[in-house]
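# Coordinate analysis (summary)
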2 protein chains.
Amino acid sequence: MRAYLAGPEVFLPNAREILDCKIALTRSYGFTPVSPGDLSVPETETRRQRGLAISALNEKLMSSADLIIANLTPFRGISADVGTVFELGFFVGQGKPAFAYSHEASDLLTRFRRSPEAVYDTDSRAWRDALGMSVEDFGNADNLMIDACLAEQGRIFHRLAVPPEERFRAMDGFIACLKEAQSTFAAQGCDPAPAA
Amino acid sequence: MRAYLAGPEVFLPNAREILDCKIALTRSYGFTPVSPGDLSVPETETRRQRGLAISALNEKLMSSADLIIANLTPFRGISADVGTVFELGFFVGQGKPAFAYSHEASDLLTRFRRSPEAVYDTDSRAWRDALGMSVEDFGNADNLMIDACLAEQGRIFHRLAVPPEERFRAMDGFIACLKEAQSTFAAQGCDPAPAA
């Protein structure tokens, strides 16, 4: 079974090293890794064309994969990286299994309340931002569409605290997802790597 | 044709008013609006169950829709609302037409460079955040997966500046998408509302 490795670690200076670590771990759990860096990007004339070429490769890799393992650690704010969330939606839209983790244990509202713009509106009994927009209070790790798509599939959203400087480098959550995927497919009578 | 109306305006205090405006506009362009507030949420015992119930309704509405019109205006940071982005990925994964707008004209990198943590790394010739993570420089409005999924479908990502306090209330981008959707389907010989 082919596992697509989604996450913002592609933006790290040592992205290759982190992806290679994920690739090796994925193989060790019997899955075939499918990673954004697997195909080389063709030469393009403009920056915009390069962006389109990378996306076309990623969509091709996603369509070739059987499942996604998504790193949904909050990225430059209280929510996950939008690129990773797009990919999660893409898999769920196709009815494919999704596994996910965050290296932050707190819930969305707790993180929001730490921001200077958070105000509690006693009239509506909701926490609101500077524009008056409310924040969900469901105890979720992130937006309800994200938490719920995992719950609907019977998955655990693995929320594991790691030291802040390790949040995009640690492998704790990724390994938790690999273990969950392995036991999920074993319970269904599937061998992740039948041809291996 | 049924158009799913995705966007973070559901978090506004006057969400109902904004959604009703979008619903009326959608009908005026010949589409049948499908909006997150269309179905009432069943009673639940816990907050978590309520979150799951809302998501289940939204997924049901999404699956019943033929296209999505997504409000991708930056939300509490430099990128779009993750709930809306999840829904965009869901539609694109199902091969359905997607239309989108942002009420911010600048590109992702320009917005990032305004943040205090932005540093230019001369070695890698990239803008990086406090964790050393790079920011895409493709001239895109947001993450490349978002811009590119629209470009692949031949769409315009409508980037229209509005006054800051109007960014989640203005209808400029939404109307631009409705016009684009109308001409797209007319060109394909489809009447958006054949039964009307």
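In the block above lies the structure referred to throughout.
Let me sum up the structure you'll find in this document.

Rules used throughout
Residues numbered from 1 in each chain as written. Chains lettered and ligands numbered in written order. Predicted model: local features only at pLDDT ≥ 70, side-chain atom pairs only at ≥ 80, totals over all residues. Heavy atoms only, no water. Salt bridge = Lys/Arg side-chain N within 4 Å of Asp/Glu carboxyl O. Buried < 20%, exposed > 50% of the residue type's maximum accessible area, 1.4 Å probe, protein only. Contact = heavy atoms within 4.5 Å. Buried area = accessible area lost by both parts, 1.4 Å probe. Polar contact = N/O pair within 3.5 Å; in protein donor to acceptor, adjacent residues only side chain to side chain. Helix = DSSP H or I, 4+ residues; strand = E, 2+ residues; numbered from the N terminus. Nonpolar A, V, L, I, M, F, W, Y, C, P; charged D, E, K, R; others polar. Pairing = 2+ DSSP bridges. Axes fitted to C-alpha atoms, helices over the stretch in contact; angles between N-to-C directions.

### Points about the pattern of salt bridges
Note that side chains of opposite charge can pair when their charged atoms are close. All names here are of chain B. Counting across every chain of the model gives 12 salt bridges over all chains. Across the salt bridge formed by Asp121 and Arg128, the nearest N and O atoms sit 3.4 Å from each other. Given the relative accessible area of 13%, Arg128 is considered buried.

### A few points about the interface of chain B and chain A
The interface of chain B with chain A comprises 60 residues on the first partner and 60 residues on the second. Where chain B abuts chain A, roughly 4,700 Å² becomes buried across the two surfaces, and 64% of that area is made up of carbon and sulfur atoms. Run the count over chain B and chain A and you get 4 salt bridges. On the surface where chain B and chain A come into contact, there are 19 residue pairs in polar contact (both at pLDDT 80 or more). Looking at the side of chain B that touches chain A, the elements that each hand over two or more residues are helix 2 (47-64), helix 3 (82-93) and helix 5 (144-152) of chain B. By residue number, the principal contributor to the side of chain B that touches chain A is helix 2 of chain B, which donates 11 residues. Here the residues of the side of chain B that touches chain A are counted per class, giving 29 nonpolar, 13 polar and 18 charged.

### Some thoughts on the sheet that holds strand 2 (residues 32-34) of chain A
All names here are of chain A. Strand order in this open sheet of 5 strands is 2-1-3-4-7, and the pairing throughout is parallel. In this open sheet, the two edge strands, each paired with only one partner strand, are strand 2 and strand 7 (157-159). The mean inter-strand angle of the sheet, taken between neighbouring strand axes irrespective of direction, is 20°. Here 4 bridges tie strand 3 (residues 67-71) to strand 4 (residues 98-102), and the two strands are oriented parallel to one another. Bridge pairing in strand 4 places Ile68 opposite Ala98. Here helix 2 (residues 47-64) sits on the sheet and contacts strand 1 (2-6) and strand 2; the angle it forms with strand 1, its principal contact strand, is near 140°.

### Notes on the environment of Ala176 of chain B
All names here are of chain B. Among the structural elements, Ala176 can be located in helix 6 (residues 172-187). Relative accessible area serves as the criterion here: at 19%, Ala176 is assigned to the buried category. As for Ala176 and Glu117, which are separated by 59 residues in sequence, their C-alpha atoms are 34 Å apart. Those residues within four positions of Ala176 in sequence are excluded, and the remaining contacts are His158 and Leu160.

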